[in-house]
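# Chain and residue survey
What follows is the residue order along each chain.
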Amino acid sequence: MIPDKAPGEDVLHASGDLKKGAHVPSFEKYKELYVKSIESPEEFWGDFAKDFFWKTKYTGKFLDYNFDVTKGAIYVKCMEGALTNICYNVLDRNVHDRKLGDKVAFYWEGNEPGDEKTVTYRELLQRVCKFANVLKSQGVKKGDRVSIYMPMVVELVEAMLACARIGAVHSIVFAGFSSESLCERIMDSRCSLLITADGFYRGDKLINLKLIADEALEKCRDKSFPVEKCIMLKHLTKEDESTVHGSLSPPAKRACSDLQVPWNPEVDMCWHSLVCGVSEECEPVWCDSEDPLFILYTSGSTGKPKGVLHTVSGYMLYTAATFKMVFDYHPDDVYWCTADIGWITGHSYITYGPLANGATSVLFEGLPTYPDVSRMWEIVDKYHVSKFYTAPTAIRLLMKFGSEPVQKYKRDSLKILGTVGEPINPEAWQWYYNVVGEKRCPVVDTFWQTETGGHVMTPLPAATPMKPGSATFPFFGVVPAILNESGEELDGPSEGYLVFKQPWPGVMRTVYGNHQRFETTYFKKFPGYYVTGDGCRRDKDGYYWITGRIDDMLNVSGHLLSTAEVESALVEHEAVAEAAVVGRPHLVKGESLYCFVTLNDGISYNQKLEAELKKQVRVKIGAIATPDFIQNAPGLPKTRSGKIMRRVLRKIACNERDLGDVSTLADSSVIDQLFENRCCTGV
Ligand code: WTA
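Residues numbered from 1 in each chain as written. Predicted model: local features only at pLDDT ≥ 70, side-chain atom pairs only at ≥ 80, totals over all residues. Heavy atoms only, no water.

## Overview of the overall build of the protein chain
Under the convention used in this document: The helix and strand labels rest on DSSP assignments: H or I over at least four residues marks a helix, E over at least two residues marks a strand, and numbering proceeds from the N terminus. To get the radius of gyration, use the C-alpha atoms; to get the globule rule, take the number of residues to the power 0.38 and multiply by 2.2 Å. By the convention used here, residues are in contact when the closest approach between their heavy atoms is within 4.5 Å.
Regarding its fold elements, the protein chain presents 21 helices and 30 strands. Here the C-alpha radius of gyration of the protein chain, 25 Å, is about what a compact globule of 683 residues would show, namely 26 Å. In terms of overall dimensions, the protein chain has C-alpha extents of about 75 × 65 × 60 Å along its principal axes. A fraction of 73% describes how many contacts in the protein chain between residues 6 or more apart in sequence connect residues 24 or more apart.

What follows is the structure, encoded as structure tokens:
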């Protein structure tokens, strides 16, 4: 499956300098470790586990599982019976055992240049303990779910680690989601408390987050799920907090006195007042390896988001190991992942993975284009970033402005570049490699999912010869296969469904509250395999190339959206009878949303309605799901059984006349009409 020797042609190799001292310095070493990870997982992972603190040892097998639905319920257990605490391992262990208390954990860089602060491991530990004590005093106990809806601030990391410290389960909702989406997630995970902030700036746009959070709580109340407690961080509004937070009070640049923050004294509490005078010590709650750590929602093809559940030890080992090996982490690195903590990339590669290694990271609140398109490179130079991890959509966006904004800055600290979130087109890959990294820095194209917990297909920077656009080979412990439609494993060069044959420590354990959905979504189509939902090609050298989603999911700027979710938001509008949503390739975003709507009788399509429909989706789901195109479609192409033929709609959206086989179409006259009515003629 992995070639005997690294191919020499049409591939790029890391420089000799990088290989010196690398954790995995050669392709041969990668192969050797890979075999060990599959044949002796206990020994392989034991090398990582020995660095962590375990209150008690595990009792059963290292990895116990059933991956085959025909043999009973699906389960995965890693180190069950061992007691530990992930917060203790990422903070106390670094401060006390590894003497890293004075090391910087985060350089926080705000939306406005110059708005910054530095937090050491010791400070982070104290702050987390204080906030954990606050949560305890609010009655939060082990196993309780806490919803977190916050901008990219250090307190977001504090809130998640405080939950982990007391065994509570955090459910972070990306701060770009709407009140409806937040309400749905709070109710699905039955959260007892919400942590949010007054507001934040995204570029020059002010977001009144508390207002949206309040709307969400109002919606929960209407649906008979009252959340009695809401803790709000004052991030923008001024307060006399200098005594509480020392140097961390908001500087004048950020402070915003115009923000009208709604306040409900029955429910709302101020973060700063709560932590005032609270003890900086908090004994961690020892958790079983398989106790839940967090829930994170991801789009599902049926429309309703799935609460992906991860547990303590497997996730800890896996994020720590992938971070160390994939970014070839060394203690003097400054690492920067530009993702938002509201997505899995932020969970695994801003919070848990880097902190588990005692790394120094940049935590960035702003945008790559604000105040100008050099911002990223300015930050790279400012903090001497050596490992940089971003998304293809950001690369494509910056690429449009050429190399000059990049070359204004030195970037000589950079050693490794990473990407995640969607397939990276070779052109963007080359620009990233040639212009940003000046051909010095290997690019690690990391394929993974919310469900996988951490990287599953990825190069190792000093070991794996790169091919632009390929996620290359499996990470340790991961056994991929490519299946055809009948579920047969394909050998050699081939294309089909990407699946995994056995679990690795970081794989999700269930869909919160719905184990059956977990089994149906990932294990039913091909018994014995975890089905990723992505297509994949293997080339003659054994390299894997992810070709994109094969289910009804879209990937817009690296964010997964289900077509069903957007469709249901559209049909909730009184003018809409039916809606069908497809992806249309987009140069920067990867895919854009092209929506076809059939209106109710007697209603005519106009710009006002179009604006209303766009708003409807934004309000229901969030700004990331705003449709790019809406087309009035009096009829939709359907099979005789009534199934909408999305394949045909995708072609229409792209103005491609070759529709393939349309013999199953019930009424072929709709096709001409749809082509005539295309809303982006000429593109
Ligand atoms: C896509 C993000 C190609 C893929 C960590 C996957 C990728 C989905 C890559 C998961 C990559 C992510 N190459 N496609 N390097 N990384 N994807 O859950 O379709 O937000 O299934 O996790 O993103 O998105 P999610």
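So that's the structure; there's more coming.
## Remarks on the sheet that holds strand 25 (residues 544-549)
Rules: Whether two strands pair comes down to DSSP finding at least two bridges between them. Axis geometry follows a simple rule: fit a line to the C-alpha atoms, using only the stretch in contact for helices, then measure angles between N-to-C directions, giving values from 0 to 180 degrees.
Here four strands make up an open sheet; going across it, the order is 21-22-24-25 and the pairing antiparallel. In this open sheet, the two edge strands, each paired with only one partner strand, are strand 21 (480-483) and strand 25. Put simply, the sheet's adjacent strands are angled 45 degrees from each other on average, direction ignored. Across four bridges, the pairing between strand 21 and strand 22 (residues 494-500) is antiparallel. In the sheet register, Leu483 faces strand 22, and the bridge partner there is Tyr497.

## A short note on the packing of helix 3 (residues 41-49) against helix 11 (residues 312-326)
So the rule is basically this: Roughly parallel refers to an angle under 35 degrees, roughly antiparallel to one over 145, roughly perpendicular to one between 65 and 115, and oblique to any angle outside these ranges. Classification used: nonpolar for Ala, Val, Leu, Ile, Met, Phe, Trp, Tyr, Cys and Pro, charged for Asp, Glu, Lys and Arg, polar for all others including Gly.
Where helix 3 contacts helix 11, the axes come no closer than 10 Å and their chain directions differ by 85 degrees. When the interaxial angle is binned, helix 3 and helix 11 end up roughly perpendicular. Residues Trp45, Phe48 and Ala49 of helix 3 touch helix 11, and the partners they reach there are Leu317, Tyr318, Ala321, Lys324 and Met325. Looking at side-chain class alone, the contact of helix 3 with helix 11 contains seven nonpolar, no polar and one charged residues.

## Side note on the site of the ligand
Cut-off, in case you're wondering: Nearness is judged by heavy atoms alone; a residue qualifies as near a molecule or strand once a single heavy atom is within 4 Å of it. N or O atoms closer than or at 3.5 Å make up a polar contact, with two conditions inside protein: a donor-capable atom paired with an acceptor-capable one, and, for residues adjacent in sequence, both atoms drawn from side chains. A 1.4 Å probe and the Shrake-Rupley method give the accessible areas. Residues count as covered only by the protein chains that appear here.
Around the ligand sit 17 residues, and of these Asp445, Thr446, Thr450, Asp534 and Arg549 come closest. Between the ligand and the protein, one listed contact pairs a nitrogen atom with a backbone N or O atom of Thr446 at 2.8 Å. The contact in question runs from a nitrogen atom of the ligand to an N or O atom on the backbone of Phe447, over 3.5 Å. Taken by itself the ligand offers 530 Å² of open surface, and the protein chains cover 96% of this.

## Describing the pattern of salt bridges
Stated formally: Definition used for salt bridges: Asp or Glu carboxyl oxygen within 4 Å of a side-chain nitrogen of Lys or Arg.
For the coordinates displayed, the defined rule picks out 39 salt bridges. A single network of salt bridges, built from pairs that share partners, joins Glu109, Glu116, Arg375 and Lys382.

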